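What follows is the residue order along each chain.
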Amino acid sequence: MSLFIALCGLIFAGRLILKNYNPQGVLFFVGIAMMAISIFTNNATFVDKSTGWIGFDIFEYISMVFGKQSGGLGLKIMLIGGFALLMSAIGASQVMVKLTANPLMKLNSPYLMLALAFILGQMLSLFISSATGLGLLLMATLYPVLIRLGCSKAGVASVLASTCAIEFGPGSGNSILAAQTAGVDITEYFVGEQLPIISVLVIVVAIIHAITQRFFDRNDEKNQTLEPIINDNIEPEQSAPLYYVMLPMLPLFFMLTFSNLGVKTISVDMATAIVLSIFISLSFEFIRERKAKSVFEKLQGVFNDMGKVFASVVTLIIAGQTFSMGLKSIGAVDSMLHMASSIGLSAAVIILFMALLTFVISALMGSGNAAFFSFAPMVPQIANKIGANTVDMILPIQLSAGFGRTISPIAGVIIAVAGISGLSPFDIVRRTFIPMISGWLLMLILTFSKGGQLMQLMPFLIGIIILVLVCLWRLKKNSSNKQIQAEL
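What you see as residue numbers is a count from 1 along each chain, following the sequence as written. Whole-chain, interface and lining totals are the exception, using all residues; otherwise, since this is a predicted model, local features are given only for residues with pLDDT of at least 70 and side-chain atom pairs are given and counted only at 80 or more. No hydrogens and no water enter the side-chain calculation; it runs on all heavy atoms of the structure.

**Student:** So, the overall build of the protein chain: which residues are in play, and what are the values?
**Tutor:** When its secondary structure is counted, the protein chain shows 23 helices and zero strands. For every residue, the accessible area obtained with a 1.4 Å probe (protein chains only) is divided by the maximum for its type, and the residue is called buried under 20%, exposed over 50%, and partly exposed between those limits. Residues classed as buried in the protein chain amount to 52% of the 488 residues present. Counting only contacts in the protein chain whose residues sit at least 6 apart along the sequence, the fraction spanning at least 24 positions is 78%. Every accessible area reported is derived by Shrake-Rupley at a probe size of 1.4 Å, with residue values counting cover from the shown protein chains alone. About 21,600 Å² of surface is accessible on the protein chain, with carbon and sulfur atoms providing 65% of the total. Segments assigned H or I by DSSP are reported as helices when at least four residues long, segments assigned E as strands when at least two residues long, and all are numbered from the N terminus. When checking whether two residues touch, look at their non-hydrogen atoms; a contact exists if any pair is within 4.5 Å.

**Student:** Before we move on, can you summarise the pattern of salt bridges with the specific residues and values?
**Tutor:** The term salt bridge refers to a side-chain nitrogen of Lys or Arg lying within 4 Å of a carboxyl oxygen of Asp or Glu. For the structure shown, the criterion picks out six salt bridges. In this structure, Glu 167 engages Arg 405 in a salt bridge whose closest nitrogen and oxygen atoms are separated by 3.4 Å. One end of the pair, Glu 167, is in the loop between helix H9 (153-161) and helix H10 (173-182); the other, Arg 405, is in helix H20 (residues 390-405), with 238 residues separating them in the sequence. With respect to burial, Glu 167 and Arg 405 carry one shared label: buried. Across the pair Lys 298 and Glu 289 runs a salt bridge, and its minimum N-O distance is 3.4 Å. Overlapping salt bridges, with partners in common, bring together Glu 285, Arg 288, Glu 289 and Lys 298 in one network.

**Student:** Give me the lowdown on unusual backbone geometry, citing residues and values where you can.
**Tutor:** Even without a glycine there, the phi angle at Asn 43 is positive, about 50°. Turning to its location among the elements, Asn 43 is positioned in the loop between helix H2 (23-41) and helix H3 (54-71). The class for Asn 43 is exposed, based on a relative accessible area of 66%. Positive phi outside glycine occurs at Arg 290, with the angle close to 60°.

**Student:** Which residues make up the packing of helix H14 (residues 270-289) against helix H15 (residues 292-329), and what values do they have?
**Tutor:** Each axis is a line fitted through C-alpha atoms, and for a helix only the stretch in contact is used; angles between axes span 0 to 180 degrees, taken between their N-to-C directions. Interhelical geometry of H14 versus H15 gives an angle of 150° and a closest axis separation of 9 Å. Here H14 is positioned roughly antiparallel relative to H15, judged by the angle of their axes. Considering only the axes of H14 and H15, their crossing is right-handed. Every residue of H15 that contacts H14 at Ile 278, Leu 282, Glu 285, Phe 286 and Glu 289 is listed here: Ala 292, Ser 294, Val 295, Lys 298, Leu 299 and Val 302. Three residue categories are used. Nonpolar comprises Ala, Val, Leu, Ile, Met, Phe, Trp, Tyr, Cys and Pro, charged comprises Asp, Glu, Lys and Arg, and polar comprises the others, including Gly. Here the contact of H14 with H15 is composed, by residue class, of seven nonpolar, one polar and three charged. Oblique is the label for any angle not covered by the other classes, which are roughly parallel (under 35 degrees), roughly antiparallel (over 145) and roughly perpendicular (65 to 115). With the far helix as reference, a near helix turned anticlockwise by less than a right angle produces a left-handed crossing, and one turned clockwise produces a right-handed crossing.

**Student:** Report on the nonpolar core, specifying residues and quantitative values.
**Tutor:** Take the buried Ala, Val, Leu, Ile, Met, Phe, Trp, Tyr and Cys residues and link them wherever side-chain atoms come within 4.5 Å; each set so joined is a nonpolar core. Counting residues in each nonpolar core, the largest one holds 151 residues, and the members touching the most others are Ile 166, Phe 372 and Met 393. Top element by residues in this core is H15. It accounts for twelve residues. Leave out the neighbours within four places in its chain, and Met 393 touches Ile 350, Ile 351, Met 354, Val 379, Ile 382, Ala 383 and Ile 386.

**Student:** Quick rundown of the packing of aromatic side chains? Include the residues and the values.
**Tutor:** Any two rings among Phe, Tyr and Trp, with Trp reduced to its six-membered ring, count as a pair given centres within 6.5 Å; such a pair is stacked if its planes are under 30 degrees apart, edge-to-face if over 60, and tilted if neither. Counted under the stated rule, the structure contains eleven aromatic pairs. Ring centres 6.4 Å apart and planes at 10° place the aromatic pair Phe 28 and Phe 66 in the stacked group. Of this pair, Phe 28 sits in helix H2 while Phe 66 sits in helix H3; the two residues are 38 residues apart in sequence, bridging distant segments of the chain. Relative accessible area serves as the criterion here: at 29%, Phe 66 is assigned to the partly exposed category. Summarising the aromatic geometry, the rings of Tyr 243 and Phe 284 are spaced 5.8 Å apart at their centres and angled 45° between planes, so their arrangement reads as tilted.

**Student:** Break down helix H21 (residues 412-421) for me, citing the residues and quoting the values.
**Tutor:** Summarising burial for H21: seven of the ten residues are buried, a large majority. Three or more residues of H21 are buried, namely Val 413, Ile 414, Ala 416, Val 417, Ala 418, Ile 420 and Ser 421. Positive backbone phi, at 75°, marks Gly 422, one or two positions downstream of H21.

**Student:** Summarise the environment of Ala 44; cite the residues concerned and give the values.
**Tutor:** Tracing the sequence through the fold places Ala 44 in the loop between H2 and H3. Sequence-wise, Ala 44 and Ile 330 are 286 residues apart; in three dimensions their C-alpha atoms are separated by 7.5 Å. Ignoring anything within four residues of it in the chain, the contact list for Ala 44 reads Ser 38, Ile 39, Ile 54 and Ser 329.

**Student:** Can you lay out the confidence of the model for the protein chain for me, pointing to particular residues and giving the numbers?
**Tutor:** Residues with a pLDDT of 70 or more make up 84% of the protein chain, whose mean pLDDT is 80. Per residue, pLDDT measures the predictor's confidence, with a range of 0 to 100. Per-element confidence in the protein chain ranges from a low mean pLDDT of 44 for helix H12 (residues 222-225) to a high of 91 for H9. When the criterion is pLDDT under 50, residues 222-238 qualifies, and its contacts beyond four places in sequence or with other chains add up to 36 contacts. The model gives residues 482-488 a pLDDT under 50, and that stretch makes one contact with residues more than four places away or in other chains.

**Student:** Which residues make up a nonpolar patch on the surface, and what values do they have?
**Tutor:** A cluster of nonpolar side chains, contributed by Leu 18, Leu 356, Val 360, Leu 364, Ile 410 and Ile 415, occupies part of the molecular surface with about 450 Å² of accessible area. Looking at which element gives the most residues to the nonpolar patch, the answer is helix H17 (residues 347-365), with three residues. Secondary-structure assignment places Ile 415 in helix H21. The exposure class assigned to Ile 415 is partly exposed, which follows from its relative accessible area of 43%. Put simply, a patch holds well-exposed residues, over 30% relative accessible area, that have no salt bridge, with like charges counted together within 9 Å and Val, Leu, Ile, Met, Phe, Trp or Tyr side chains within 5 Å.

**Student:** Please set out helix H19 (residues 379-386) residue by residue, giving values where relevant.
**Tutor:** The periodicity of an α-helix, 3.6 residues per turn, causes residues three or four positions apart to be oriented the same way. Buried within H19 are the following residues: Val 379, Ile 382 and Ala 383. Angular distribution of buried residues about the axis of H19 spans 100°; they occupy a single face of the element. Exposed and facing more than 90 degrees away from the buried side of H19 are Asn 384 and Lys 385. What the arc describes is the spread of directions from the helix axis to the C-beta atoms.

**Student:** Just give me the short version of the packing of H17 against helix H18 (residues 368-375), but keep the residues and values in it.
**Tutor:** Remark: H17 packs on H18, axes separated minimally by 7 Å, with the N-to-C direction vectors making an angle of 145°. Here H17 runs over H18; the crossing is right-handed. Across from Met 354, Leu 357, Thr 358, Ile 361, Ser 362 and Met 365 in H17, the residues of H18 making contact are Gly 368, Ala 370, Ala 371, Phe 372 and Phe 375. Residues belonging to the contact of H17 with H18 are distributed by class as follows: eight nonpolar, three polar and no charged.

Here it is in structure tokens:
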């Protein structure tokens, strides 16, 4: 019964979000509804110290989560958002993109340039954490140049739209939540868990991307002849000095240098590193402009942007945790684990199922955050009951969210890039589908190989691969039919 209610809640929430309902409102509403139902079906409790009436306890739980996230994880994400937008406002992000893209322009092969553009974008995502923000920045700087050098419009747009597909590093909200949920330091999670997987994944996905775009270009020659369309809404590049390229790197520098990986006698956490970086960046701005009033206005801009991040991202985390509590209180987690143990499913299969669920929901919702924020709080409880390591369990789930978002035609970055390039979001998703599915499957193989669980999952992975191949065959058949109809 609990699984049926949870499934109804998931389907209902997914349908509303697909119809462009506000995701925070949907997750809050469905989460509260499931919590209310659980009072009657499961005698659920939500807080350690009751208000005296169970109905008020639901909202006491939400209030408690607001307080906890606003000063912990939420503060870090708000600081990251404020710092990232400051880097764009002072022109440091633009300098970094322009400088790192210069070597790319010296290559003669269009598809090699596309592969390297993807790798470059993934490296830049360490310092520019917003998928939409990075996509727009690359479209404003790299897109016109790659078009003039012979790359197809659809190929370039598809590559640049997927440069944050592999979410990693201390600047990623999903990575921060994953590390906090697993109870490890974000720097250790980044270096010890993510980097060994990501270093292989980025290169392989870049190669698959280049091969895929070459295939589609040969079957869609009209993309080769269209002129690039640059949207007037893109802000012009700031004329910042060259040395500003180091400013976006400051938080990562402080976190890696003053940690167990560097100077062990000094410890600088993420929030401190970002506040310090903001102070240094504004000091550089004062030296450059000699106007204290302008610098103070930029500081106020950081605070304003932090408020925007709270309204968009932190509230989504809180809504996701409310939804997650609804699933747990209704008994869906316990029922799923009981069913899995009764039919003999291993821990690896349960992890694979959750990764698949996160991938699919991210693709349907167009948001990796909404899916991951909803399921991440349940991972420690599941890990404890099935005897799995929380870090090993949460890594494939976290990485699945970014891959799923990049094949969604309603994802913000896909819509933004499509609007600038003059293409349909479906034209872009058609070209990101193969690289993202391939990258996701490779990620599963790498993460489960690391834990020694790959052989247990081979039948399931083979089944997923067969399903993907059927989807690709249908996609190719539909493309061929459209081409025949166009010729007729």
